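Per-entry structural report
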Amino acid sequence: MLSEQQVNRAIELYADMIKKICMLHLKNHADTEDIFQTVFLKYMTASPVFENQEHEKAWLIRVTINACHDLIRSFFRSKTVSLDAVSEQLSELSIPDRDVLEAVLSLPVQYKDVVYLYYYEGYSAVEIAGILHKKVNTIYTLLSRAKALLRKTLGGDDFE
């Protein structure tokens, strides 16, 4: 089991990233907080050994995505829908930001992960392939398809 200091350091470093990934998938503050706690509880109890900080970050991303997918597939989640939280958050954003967020949220799940990791976290396609356990060419294909969908949704040719 990791020490309290180690867990607190990880929370300080990765809390925003974990919450963003959760919101991207779950679109709900309550579920985001649940998954956030689950991820760091697993981090604390699993006591994984990491080669470096990037390995630790990739492990947390993978655990977060898996936990989100597990929640989405759960019986309870499949029978409930809460759009109130999303509409509240969207109303707080500027119009261009809101449009982009709505477009990204409307993407199919396999595109959301790749878009988030590439554009928001700055990972390369090779790194994303390692995190998501997919082939590099699959990542390039997913990025290309996601960009095409976003261009269609947002209009314009300058999405990069």
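The structure reproduced in this document is the subject of the present report. This structure is a prediction, so every number in the text was calculated from the model and none was measured. (Residues numbered from 1 in each chain as written. Predicted model: local features only at pLDDT ≥ 70, side-chain atom pairs only at ≥ 80, totals over all residues. Heavy atoms only, no water.)

Another point: the overall build of the protein chain. When helices and strands are tallied, the protein chain shows nine helices and zero strands. Overall, the protein chain shows an N-to-C arrangement of helices and strands of α-α-α-α-α-α-α-α-α. Put simply, the protein chain has 160 residues, and 39% of those count as buried. The long-range share in the protein chain, meaning contacts at least 24 apart out of those at least 6 apart in sequence, stands at 62%. Roughly 9500 Å² of accessible area belongs to the protein chain as shown, and the carbon and sulfur atoms make up 53% of that amount. (Helix = DSSP H or I, 4+ residues; strand = E, 2+ residues; numbered from the N terminus. Buried < 20%, exposed > 50% of the residue type's maximum accessible area, 1.4 Å probe, protein only. Contact = heavy atoms within 4.5 Å. Areas by Shrake-Rupley, 256 points an atom, 1.4 Å probe, with all protein chains shown as cover.)

Glancing now at the packing of helix α2 (residues 29-46) against helix α3 (residues 53-73). Relative orientation of the contacting elements α2 and α3 amounts to 130 degrees, with a least axis distance of 10 Å. The angle between the axes of α2 and α3 places the two elements in the oblique class. As α2 runs across α3, the sense of the crossing is right-handed. Contacts between α2 and α3 involve Asp31, Ile35, Val39, Phe40, Lys42, Tyr43 and Ala46 from the former and Glu56, Trp59, Leu60, Val63, Thr64, Ala67, Cys68 and Leu71 from the latter. Broken down by class, the residue content of the contact of α2 with α3 amounts to eleven nonpolar, one polar and three charged. (Axes fitted to C-alpha atoms, helices over the stretch in contact; angles between N-to-C directions. Parallel < 35°, antiparallel > 145°, perpendicular 65-115°, else oblique. Left-handed = near helix turned anticlockwise from the far one by under 90°. Nonpolar A, V, L, I, M, F, W, Y, C, P; charged D, E, K, R; others polar.)

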